[in-house]
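Spelled out from the first residue to the last, the chains are:
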Amino acid sequence: MCDGVRETSCTRCEHREVCVYKDKYLQYLKGFEDFHNGYLDDVSFIRKDDPKCKFFLRKSESNFRGGTTL
């Protein structure tokens with residue numbers, strides 16, 4: 001089992017710093033992952049995608065610079 005840091009949709013969400021649901025969402029993901037990893041039968045046919053948050057808004061990654069163009 002990997003003990004590394006897992007990136008979630010919260011990482012790239014515009015609301016990350018002010019979200020009232022973030023802690024509960026991350027807690028849910030932890031339980032979801034624990035269940036999937038602890039399930040004794042082969043469940044590889046079930047996708048392990050993160051449940052989607054309906055408030056997710058992708059953070060803009062563009063850095064526009066003002067000024068003149070060449």
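Shown above is the structure to which this text applies.
To keep things clear, this report deals only with the structure shown in the data block. (Residues numbered from 1 in each chain as written. Predicted model: local features only at pLDDT ≥ 70, side-chain atom pairs only at ≥ 80, totals over all residues. Heavy atoms only, no water.)

## With respect to the side chain of Glu33
Consideration 1: Relative to the helices and strands, Glu33 resides in helix 1 (residues 22-38).
Consideration 2: Not counting the four nearest positions on each side in its chain, Glu33 is found in contact with Arg6 and Lys48. (Helix = DSSP H or I, 4+ residues; strand = E, 2+ residues; numbered from the N terminus. Contact = heavy atoms within 4.5 Å.)

## Some details on the packing of aromatic side chains
Consideration 1: By the definition in use, this model includes two aromatic pairs.
Consideration 2: With a centroid separation of 4.9 Å and 5 degrees between ring planes, the pair formed by Tyr21 and Phe55 is classed as stacked. Here the residue Tyr21 occupies a position in the segment before helix 1, and Phe55 occupies one in the segment after helix 1, the gap between them amounting to 34 residues.
Consideration 3: Ring centres 6.4 Å apart and planes at 15 degrees place the aromatic pair Tyr28 and Phe32 in the stacked group. With Tyr28 and Phe32 both in helix 1 and four residues apart, this pair spans about one turn of that helix.
Consideration 4: Phe32 gets classed as partly exposed once you look at its relative accessible area, which sits at 26%. (Phe/Tyr/Trp six-rings, centres within 6.5 Å; stacked < 30°, edge-to-face > 60°. Buried < 20%, exposed > 50% of the residue type's maximum accessible area, 1.4 Å probe, protein only.)

## Looking at a nonpolar patch on the surface
Consideration 1: Residues Val20, Tyr21 and Phe55 make up a contiguous nonpolar surface patch of about 320 Å² in total accessible area.
Consideration 2: Taking relative accessible area as the criterion, Phe55 reaches 38% and is therefore assigned partly exposed. (Patch = residues over 30% accessible without salt bridge, like charges linked within 9 Å, V, L, I, M, F, W, Y side chains within 5 Å. Areas by Shrake-Rupley, 256 points an atom, 1.4 Å probe, with all protein chains shown as cover. Salt bridge = Lys/Arg side-chain N within 4 Å of Asp/Glu carboxyl O.)

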